[in-house]
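Secondary and tertiary structure notes
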Amino acid sequence: MLGLGAASLAGLATGIAGSKPARAGVGWGPGPNSGMPFWLGCHKGLVELEGLMPAGRTVDVVYAWERDGHYLEFAAADAKAWANQLPHQRLAAGTATALQWSSSPFCSGKNFVVPSAWPSSAAAVNANVHLNCSRPPTFTGSESTSEQTAKQRKVWEIAANGWLDPVWRQKMLTFKSGYFVKNNLRNIRIILRVAHELNTATKWGDRGYRRSYGMLLLNSTADYQLVQEALRRYMAVFLDVFGNVQSSIPGDFAYAEDQLWPYWNTGPGHKGPVNVILTCPSNAKLVGPDYYNFWPALLTDAEWNSQLYAKTKTGGPFGLGAWLDWARSIGRPLCLGEIGLMSSSMTSSGGRPAEEGWDNPLFITKLLDFCKTNAADIGFVAYFNIDSIASTSLPQHLMMPWTGIDEPSTSCTRSPPGDNNRCGARAFKQWTTANS
């Protein structure tokens, strides 16, 4: 059995088994910059989101992303580029305290080379052996479903066997040296979000970042344990490189245990045939899904309550309450790496599709209330404050200040929502004002 011992695995399998720890969220508590009952994060739209918070309050957690590429293709360039971005400015100034770093163990992008043969040993694997779970070695594009599964399994097996550990170590050394040490970021927390939204659907042959760690073709408990062990090894390399002084890095320093937080992250539901929690590694210090207001849209108290403890078809957590129960059962803080309203599409007649909540203040208030009520077991919650939809009638997740936001007589309701989820923005501002 890989990764977890039998007793721990049994606890993961049952979801809510075991007694509730006194505080699963030990080491977190109120946000040091936001003043909220839990740590608040934000990706993009940082200034806009903070414009909805009380004066002088800032977010606690900012983002850094690896771009598409093979293991080391952009590692040095990304480390350099991060230092020129707004999130870094916040970390350097102390107006943010933690960095959420989204990282892939595998290869993606237009420049990675699909091997024509499988490596036969650990010695045969180096940074030039590019592995991708949706476009693996010997890929032709004409594989049967069973052949696709076998090839995806083999990529995870290579990682689980430790053949990639030296490559991953080189990658972590590059990031530590080129960003964290170079910029003397000694006093921050690092949240390593490994393979974010792990259970995103596989698109066979896709070169994209999230498809690089696809695992939804896998179909057995043993397969999911391969994923678990591979992720454990990746997190272990991170903890070793960042938790110890590295002689190869001039001026290196070690981060304390309470500064390093490997994070296991999925989508809220799971369409695979096995309970997704079986992929959670033992050294993941944080767990939890991304959580947007769609599939299903939660528009009323009754709909929120009906979904709170919902489970997947394999018995895994789906609603936030079920996720919290499971996180408590294994003594890990529940974290929501991304949350957001969903105003991304409309029907042919210009209306709201049933699966999207659009500009829904109830979702904002209910989610924040839930996290406040359970703050002793929550780590951080991060709003994805971005509009990547071309239509000016749809703001996707974006919330920002607007004229009239503080005037109760000024309606926030628009259909379609326009360039800003104004009702959500008002609800967020009112909540943070009352709870910061």
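Before reading further, recall that the structure is shown in the block above.
First, a word on scope: everything that follows refers to the structure included in this document. None of these values were measured; they are calculated from a predicted model.

1. Regarding the overall build of the protein
Scanning the protein from N- to C-terminus turns up eleven helices and nine strands. For 436 residues, the compact-globule estimate of 2.2 N^0.38 gives 22 Å, and the C-alpha radius of gyration of the protein, at 21 Å, lies within 12% of that figure. Each principal axis of the C-alpha atoms in the protein carries an extent, and together these give about 70 × 50 × 45 Å. Counting every position in the protein, which comprises 436 residues, the buried fraction comes to 58%.

2. What to know about the environment of Gly178
Topologically, Gly178 is positioned in helix H6 (residues 165-181). For Gly178, a relative accessible area of 22% gives the class partly exposed. Along the sequence, Gly178 and Phe38 sit 140 residues apart, while their C-alpha atoms lie 30 Å from each other. Aside from chain neighbours lying at most four places away, what touches Gly178 is Ala79 and Asn183.

3. Describing the pattern of salt bridges
Scanning all chains against the criterion turns up 18 salt bridges. Note that Asp252 is salt-bridged to Lys176, the shortest N-O span being 3.1 Å. Placement of Asp252 in the loop between helix H7 (221-243) and strand E5 (260-266) and of Lys176 in helix H6 is noted, with a sequence separation of 76 residues between them. The exposure class assigned to Asp252 is buried, which follows from its relative accessible area of 11%. Residue class for Lys176 comes out buried when judged on its relative accessible area of 0%. One salt-bridge network, in which partners are shared between bridges, spans Asp165, Glu229, Arg232 and Arg233.

4. Here's the deal with the packing of helix H5 (residues 145-160) against H7
Between H5 and H7, whose axes approach to 8 Å, the crossing angle comes to 40°. Classified by the angle between their axes, H5 and H7 sit oblique to one another. The crossing of H5 and H7 is left-handed. On the side of H5, the interface is formed by Arg153, Trp156, Glu157, Ala159 and Ala160, while H7 contributes Asp223, Leu226, Val227, Glu229, Ala230, Leu231 and Arg233. Here the contact of H5 with H7 is built from residues that sort into seven nonpolar, no polar and five charged.

5. A closer look at the packing of aromatic side chains
Following the criterion strictly, the structure yields 32 aromatic pairs and no others. A ring pair is formed by Trp101 and Phe238, whose centres lie 6.2 Å apart and whose planes are at 85°; its orientation type is edge-to-face. Placement of Trp101 in strand E3 (residues 98-103) and of Phe238 in helix H7 is noted, with a sequence separation of 137 residues between them. Ring geometry for Trp101 versus Phe242: centroids 5.8 Å apart, planes at 65°, classification edge-to-face. With Trp101 in strand E3 and Phe242 in helix H7, this residue pair connects regions lying 141 residues apart in the sequence. Of the two residues, Trp101 and Phe242, both sit in the buried class.

6. Observations concerning the nonpolar core
Grouped together as the largest cluster of nonpolar side chains are 110 residues, with contacts concentrated most on Trp101, Trp156, Phe180, Phe242, Trp264 and Leu367. Per-element accounting of this core gives the leading share, eleven residues, to H7.

7. Some details on helix H10 (residues 361-373)
Each full turn of the α-helix corresponds to 3.6 residues, which orients residues three or four apart in the same direction. Under the 1.5 Å per step criterion, the end-to-end length of H10 is 18 Å for 13 residues, consistent within 8% with the ideal 18 Å. If you check which residues of H10 are buried, you get Leu362, Phe363, Ile364, Leu367, Leu368, Phe370 and Cys371. On its buried face, H10 sits against strand E7 (291-292), helix H8 (301-308), helix H9 (320-329), strand E8 (334-340), strand E9 (378-384) and helix H11 (422-435). Where H10 begins, one side-chain oxygen reaches toward the backbone nitrogen of Leu362, 3.2 Å away; that side chain belongs to Asn360.

8. Some details on the state of the cysteines
According to the stated counting rule, one finds one disulfide in the structure shown. Disulfide pairing places Cys412 opposite Cys423 at an S-S distance of 2.1 Å. Taking the sign of the S-S torsion, 100° for the link of Cys412 and Cys423, the bridge is right-handed. On the criterion of sequence distance, the pair formed by Cys412 in the loop between E9 and H11 and Cys423 in helix H11 is long-range, its members being eleven residues apart. Accessibility classification places Cys412 together with Cys423 in one group, the buried group.

What counts, and at which threshold
Residues numbered from 1 in each chain as written. Predicted model: local features only at pLDDT ≥ 70, side-chain atom pairs only at ≥ 80, totals over all residues. Heavy atoms only, no water. Helix = DSSP H or I, 4+ residues; strand = E, 2+ residues; numbered from the N terminus. Rg over C-alpha atoms; globule rule 2.2 N^0.38 Å. Buried < 20%, exposed > 50% of the residue type's maximum accessible area, 1.4 Å probe, protein only. Contact = heavy atoms within 4.5 Å. Salt bridge = Lys/Arg side-chain N within 4 Å of Asp/Glu carboxyl O. Axes fitted to C-alpha atoms, helices over the stretch in contact; angles between N-to-C directions. Parallel < 35°, antiparallel > 145°, perpendicular 65-115°, else oblique. Left-handed = near helix turned anticlockwise from the far one by under 90°. Nonpolar A, V, L, I, M, F, W, Y, C, P; charged D, E, K, R; others polar. Phe/Tyr/Trp six-rings, centres within 6.5 Å; stacked < 30°, edge-to-face > 60°. Core = buried A, V, L, I, M, F, W, Y, C linked by side-chain atoms within 4.5 Å. Expected span 1.5 Å × (residues − 1). Polar contact = N/O pair within 3.5 Å; in protein donor to acceptor, adjacent residues only side chain to side chain. Disulfide = S-S within 2.5 Å.

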